[in-house]
Structures are given as C-alpha cells and as structure tokens.
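Observations on the three-dimensional arrangement
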Amino acid sequence: MATVALTDANFDDVTSKDGIVLVDFWASWCGPCLKFAPTYEAASTKNEDITFGKVDTEAEQAIAMKFGIRSIPTIMAIRDGVIVFSQPGALPSSALESVIEQVRALDMDEVKAQLAKS
C-alpha cells in the first residue's frame, strides 16, 4: 500500500478511524527523513492492513505545531484514534517492525480505560 499524504484537510478523518495509522512527520530538506523514507515505504508494502501517512512539516505546519513536532523525522502510531506511540528519529527497519508489532498487541480496551483514569 502506498503512503497517504496527510494534510489539514484529511488528517483527522484518516487518524480517527478504527485500526492502525502510522504517521511520518518529515521535510524535503531533512537528510535523515530522506534516508528513512525507503524503510517506511517498505513497511507500508509489508503491512497492508495499516495506513501509512506522511505529513510534510513544511507544507502542514499547523499539524506539526498541534502535535509539538520539534524534531524530524518523528514517527507516530495511532490506533483506534488514540496516539499510542510518538518518537523522533529515523528508525531502522527492525525497530519500525517492533513498533508495529507492539501497537498490534495493545489491548485497546485497557489503553482507553487508562486514559479515562487520567
């Protein structure tokens, strides 16, 4: 599955649905972002049940500000509309796969119960 360009117009619609959405915050001038892009694309092909989105932080500054993105690339995982992971820095393929496995394994009822308590 190809990655989806996330913009102010579609970000909430894409990320609020049930399922897993991975978001790559990047910019065209960012060397580490460009080096990470093939790893991210490969993961999107391997995990067709996950939506892989990309936010160009230059074009979509409001989204980057909303989530406090100060370093790129930043990878964010959203499951069933809940942010469950966010970390700056390019991940090697094995680390990205580990994040995906951990997000898949989450008990979302438990996550939502914990959020309700806070």
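Bear in mind that the values here come from a model prediction, so they are computed numbers and not experimental data.

Comments concerning unusual backbone geometry
- Omega for the peptide link from I72 to P73 comes to 0°, which places this bond in the cis form.
- Following the sequence through the fold, P73 ends up in the loop between α3 (61-66) and β4 (74-79).
- One non-glycine residue, D80, lies in positive phi territory at about 50°.
- Relative to the helices and strands, D80 is located in the loop between β4 and β5 (82-88).

Regarding the pattern of salt bridges
- In total, this model carries four salt bridges according to the counting rule given.
- For K66, the salt bridge goes to D12, with nearest N and O atoms at 3.5 Å. On the criterion of sequence distance, the pair formed by K66 in helix α3 and D12 in helix α1 (residues 11-15) is long-range, its members being 54 residues apart.
- Judged by relative accessible area, which is 56%, K66 ranks as exposed.
- Put simply, D49 and R104 hold a salt bridge, and the shortest N to O gap is 2.5 Å. Taken together, the residues D49 in the loop between α2 (31-46) and β3 (51-56) and R104 in helix α4 (residues 93-105) connect sequence positions 55 residues apart.

Each value, and the rule that gives it
- Residues numbered from 1 in each chain as written.
- Predicted model: local features only at pLDDT ≥ 70, side-chain atom pairs only at ≥ 80, totals over all residues.
- Heavy atoms only, no water.
- Helix = DSSP H or I, 4+ residues; strand = E, 2+ residues; numbered from the N terminus.
- Salt bridge = Lys/Arg side-chain N within 4 Å of Asp/Glu carboxyl O.
- Buried < 20%, exposed > 50% of the residue type's maximum accessible area, 1.4 Å probe, protein only.

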